[in-house]
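Each chain, letter by letter, is given below.
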Amino acid sequence: MRSVALGLRLVILAVFAVFFVAPVLWLILAPTKSDHALVTGSPFSFGSFHQVSLAWKHLDAFSDHIFRTWIGNSLLYAFSATAIVLATAIPAGYGLAFGTFPGRKLLLTLTLIVMIMPAAALVLPIFLELNSLHLIGSVLAVILPFSFFPFGVYLAYIYYATAVPPDLLDAARTDGCGEWLTFRRVALPLAKPVVALVFFFSFVADWNNFFLPYAIIADSSQYPIQVGLSDLLSSTPSFNPAQGGGGQQVNIFRPELALATLIAVIPVAIVFLLSQRALVRGLVGGAVKE
Amino acid sequence: MAEVVFDGVSKVFKDGTRAVDELSLDIADGEFMVLVGPSGCGKTTALRMVGGLEEITEGNVRIGERIVNDLSPKSRDIAMVFQSYALYPHLSVADNIGFALKTKRVPKEEIRRRVLETARMLDLEPYLKRKPRALSGGQRQRVAMGRAIIRQPRAFLMDEPLSNLDAKLRVQMRAEIKQLQSEVGVTTVYVTHDQVEAMTMGDRVSVMRKGVLQQVAPPEELYNRPRNMFVGGFIGSPAMNMLEATVSRTNGSTTIVAGEMSVALSEPTLASHPALQAYDGRTIVLGIRPEGLNDAALAGADGRPRLPARAELREALGPEVLMHFSVRARAAVTDEIRELAEDAGDDRTVEQLGSLERTRLVGRFGAQTRVREGDTIEVALDEGALHFFDASTGAAIVDEAAVAA
């Protein structure tokens, strides 16, 4: 009986592994092969590192190093917007968790509603708003909408409401802290885990956001990487036969495309590793008797 | 240091609950005042109003010369010790203790000196660099105390600071806190639901019930002269026995009858309870402290009244034996008694208690008693341990003023 159960478990796990891991593996191996080898050779064979550097040369040469500009743009947009998110969402969550002002419940409900609304639904109104503020074409046109992150507010709210005992704040108040110092010296240092969490989610959301910048930015030198990737895609002959055969030689094929995609993932992975450290261990242990 | 005065203070919550009802209480400069009562009696709310953590609905709270109603907690110059300790988890023990001084921008060198001094007082020196999570419960409690005493504030507010410690540590800390307080001489308001803590620590004790102050008195007076049935039942462990009884006066002598037992009151008892005369023929509640009930076999022929009883449960404590026994009499059933039973975790309903033919009493018997469970015994009653309460108002029947209209 036990061996049957074990066998069944292995089969199920194997099916899932093949289904989910295979595409990722394929993607990682793709830049090591030439475009021809990619479609004719075994899907999980390894090509050569020479092919990887060749693919990078082609990618980097595309449109006068514009790939680097796109990565730079994405970093600028995501970091600036996330900085604004942290500066606003953490105090907002704190206020919602411990405040007793009129309209608190309403604000919480609104936060939830906006949080579950698909971001794409807001793109058109945001575009019109930015247009009437004459911001279209400036970097603020991307950063400001990215800075609106109700999920971060909600995370901070949940954290404060459940993990930080109100007694701690009362202790700070009787120890001579005004409301600002209570936040600055007690509530904020305790929020480390949720700061890391909001930082991570906000950064990833901004980094991966495609539709908003796609709709708002006209100048390709202002593209973030996600919009740039779609530009690359449409420059690849196998996806867009009209391209490549024309006057200029762009040298963007499937391995270059795969490499671009992989590079676009790296910043997210780094941010994840950094914020994960702060997430692992809660900070509040020992504050109050459990 | 300063006196703390409640002047007709009430707290009404948004849902209409009156948590504290017209509390008037003067706490003298340097006094150790304990607020005690069952959970939900408003004692913690009263304390938090002094600290500025709870808005005052009516009346005034005064600390020293200043009415503090509208002052923020930081401007009141009081230190608070929380039941949960509320230590700052991200700060070391030293930074926890010095937190308030840093807020006041005291020079670093002085903070260091005073933290060290405080840590010495509390035996915390070896732990100064640790975070709270690396401390035991008793150490955390001492850090919480240190955070308060380093301040030299106008008053200490303590909200059940010992209730999270185990029994042995609690007894030790009880004495330490009391000693610390008398050394630093800071006015202290101490909230607890533990009447033993209240009795052992307080210069005076305030008993509260449902937001209303019942009695303020030094511990001995509270124990010996409870103003009403609630105070009598709440203070003392084991609790005062309560029986339904009637008063009957026949040719000059006054007798208290409760079921099978009848006690003819002596002259001194009558003299100290003149109001009892007016209760002739009426039902009262008779309270008997456990120490007033002893094994008749040990008492000898001293002329004290005897009650026939059946031993039910024997709890040997060493120097004495707590004997639970039943007598033929009705247990008194009032709101107070229902509340006290609930507070003590007795889940029998009062109706059950009242319908019992026999009522259980507790007596403190001498250690030499040979009584065993199931024995039919005689219990000697000490008249001095008797208390008389009006059955409808619950007030102690002492002098004329206590007689119900």
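As the structure is a computational prediction, the values presented were derived from the model and not from experiment.

Engineer: Looking at this structure, I do not really get the overall build of chain B. What am I missing?
Structural biologist: On a plain count of helices and strands, chain B comes out with 12 helices and 20 strands. Per-residue burial over chain B gives 45% buried out of 405 residues. When contacts within chain B are restricted to residue pairs at least 6 apart in sequence, long-range pairs at least 24 apart make up 71% of them.

Engineer: What is the right way to look at the overall build of chain A in this model?
Structural biologist: Check the secondary structure of chain A and you find 14 helices and 0 strands. Over its C-alpha atoms chain A spans a radius of gyration of 24 Å, topping by over 25% the 19 Å that the globule rule assigns to 290 residues. For chain A, the C-alpha atoms occupy an extent of roughly 75 × 70 × 30 Å along the three principal directions. Split into buried and exposed, the 290 residues of chain A put 31% on the buried side. At a minimum sequence separation of 6, the contacts of chain A that also span at least 24 residues come to 73%.

Engineer: Would you mind showing me how to read the packing of helix α9 (residues 166–174) of chain A against helix α10 (residues 179–190) of chain A here?
Structural biologist: A pair of packed helices is characterised by two quantities: the angle between their axes and the separation of those axes. Residues and elements named next belong to chain A. Contact pair α9 / α10: the axes reach a minimum separation of 10 Å and the direction vectors enclose 135°. The angle between the axes of α9 and α10 places the two elements in the oblique class. Of the two elements, α9 crosses α10, and the hand of that crossing is right-handed. Touching Leu-168, Leu-169, Ala-172 and Arg-173 of α9 are Thr-182, Arg-185, Val-186 and Ala-187, all from α10.

Engineer: Would you explain the domain arrangement of chain A in this entry?
Structural biologist: Interface size is often expressed as the accessible area that is lost when the parts come together. Residue and element names in this part refer to chain A. Under the domain assignment used here, chain A contains domain 1 (1–47) and domain 2 (63–282). On a C-alpha basis, the centroid separation for the pair domain 1 and domain 2 is 32 Å. Each partner contributes to the interface: domain 1 provides 8 residues, whereas domain 2 provides 7 residues. Counting only elements with at least two residues in the side of domain 1 that touches domain 2, the list comes to α1 (2–29) and α2 (35–40). A per-class count over the side of domain 1 that touches domain 2 returns 5 nonpolar, 1 polar and 2 charged.

Engineer: Honestly, helix α11 (residues 335–343) of chain B in this entry has me stumped. Any pointers?
Structural biologist: Three or four residues apart is the spacing at which side chains of an α-helix point the same way, because the helix has 3.6 residues per turn. All names here are of chain B. Within α11, the full set of buried residues consists of Glu-336, Ile-337 and Leu-340. All buried residues of α11 project into a common sector of 95° when viewed along the axis, lining one side. Gly-345, located one to two residues past α11, shows a positive phi value of around 80°.

Engineer: Is there a simple way to explain the sheet that holds strand β6 (residues 78–81) of chain B in this structure?
Structural biologist: Backbone-to-backbone hydrogen bonds join strands into a sheet, with any given pair of strands oriented parallel or antiparallel. Residues and elements named next belong to chain B. Within the open sheet, the 6 strands sit side by side as β6-β7-β8-β3-β9-β10. Their pairing is mixed. Here the strands that pair on one side only, and so sit at the sheet edges, are β6 and β10 (212–217). In this sheet, neighbouring strand axes are inclined to one another by 20° on average, regardless of whether the strands run parallel or antiparallel.

Engineer: Can you walk me through the environment of Pro166(A) in this structure?
Structural biologist: Residue and element names in this part refer to chain A. Relative to the elements of secondary structure, Pro-166 occurs in helix α9. For Pro-166, a count of 14 C-beta atoms within 10 Å translates into the label partly exposed. Each C-alpha atom of the pair Pro-166 and Leu-212 lies 40 Å from the other, and the pair is 46 residues apart in sequence.

Engineer: Teacher, can you tell me more about the packing of helix α4 (residues 137–149) of chain B against helix α5 (residues 167–184) of chain B here?
Structural biologist: All names here are of chain B. Following both chains from N to C, one finds α4 and α5 inclined at 15°, their axes separated by 12 Å at the closest point. Compared by their axis directions, α4 and α5 come out roughly parallel. Judged by the twist between their axes, the crossing of α4 over α5 is right-handed. Contacts between α4 and α5 involve Gly-138, Gln-141, Met-145 and Ile-149 on the former and, on the latter, Leu-169, Met-173, Ile-177, Leu-180 and Val-184. For the contact of α4 with α5, the per-class residue count stands at 7 nonpolar, 2 polar and no charged.

Engineer: So what exactly am I meant to see when it comes to the pairing of β10(B) here?
Structural biologist: Within a regular beta strand, the side chains point alternately toward one face of the sheet and then the other, so they alternate between its two faces. All names here are of chain B. In terms of strand pairing, strand β9 (residues 204–209) meets β10 through 5 bridges, oriented antiparallel. Note on β10: the bridge partner recorded for Arg-209 is Val-212. Joining the antiparallel neighbours β9 and β10 is a turn of 2 residues, in which Lys-210 adopts a positive phi near 50°.

Engineer: Looking at this model, I keep getting lost on the environment of Trp180(A). Mind explaining?
Structural biologist: Residues and elements named next belong to chain A. Mapped onto the fold, Trp-180 is located in helix α10. Overall, Trp-180 belongs to the exposed group, with 8 C-beta atoms counted inside 10 Å. Considered as a pair, Trp-180 and Pro-31 are 149 residues apart in the sequence and their alpha carbons are 53 Å apart.

Engineer: What exactly am I supposed to notice about the interface of chain B and chain A here?
Structural biologist: If you look at the interface, chain B gives 26 residues, while chain A gives 22 residues. At the level of secondary structure, the elements contributing two or more residues to the side of chain B that touches chain A comprise β6 and α2 (93–103) of chain B. Split into classes, the residues belonging to the side of chain B that touches chain A amount to 15 nonpolar, 7 polar and 4 charged.

Engineer: Whenever I open this one, the sheet that holds strand β11 (residues 241–250) of chain B confuses me. Can you help?
Structural biologist: Residues and elements named next belong to chain B. An order of β13-β12-β11-β14-β20 is seen for the 5 strands of this open sheet, with the pairing classed as antiparallel. For this open sheet the edge positions go to β13 (261–264) and β20 (386–390), each flanked by a neighbour on one side alone. With direction set aside, neighbouring strand axes in the sheet form an average angle of 35°. The sheet contact formed by β11 and strand β14 (residues 283–288) spans 6 bridges and is antiparallel. Counted as the bridge partner of Asn-241 is Ile-288 from β14.

Engineer: Sorry, what's going on with the pairing of strand β3 (residues 32–36) of chain B here?
Structural biologist: Residues and elements named next belong to chain B. The element β3 is extensively covered by neighbouring structure, given that 5 of its 5 residues are classed as buried. Side chains Phe-32, Val-34 and Val-36 project from β3 onto one buried face, and the interleaved Met-33 and Leu-35 project onto a second face that is buried too. For β3 and strand β8 (residues 187–192), the ladder comprises 5 bridges, and the chain directions are parallel. Among the inter-strand pairings, Val-34 is bridged to a residue of β8, identified as Tyr-190. As defined by bridge partners, β3 adjoins β9 across 4 bridges and the pair is classed as parallel. In the strand pairing of β9, Leu-35 is matched with Ser-206.

Each value, and the rule that gives it
- Residues numbered from 1 in each chain as written.
- Chains lettered and ligands numbered in written order.
- Predicted model: local features only at pLDDT ≥ 70, side-chain atom pairs only at ≥ 80, totals over all residues.
- Helix = DSSP H or I, 4+ residues; strand = E, 2+ residues; numbered from the N terminus.
- Buried ≥ 20, exposed ≤ 12 C-beta atoms within 10 Å, placed from the backbone.
- Contact = placed C-beta atoms within 7 Å.
- Rg over C-alpha atoms; globule rule 2.2 N^0.38 Å.
- Axes fitted to C-alpha atoms, helices over the stretch in contact; angles between N-to-C directions.
- Parallel < 35°, antiparallel > 145°, perpendicular 65-115°, else oblique.
- Left-handed = near helix turned anticlockwise from the far one by under 90°.
- Domains from an automatic or database assignment.
- Nonpolar A, V, L, I, M, F, W, Y, C, P; charged D, E, K, R; others polar.
- Arc of directions from axis to C-beta.
- Pairing = 2+ DSSP bridges.

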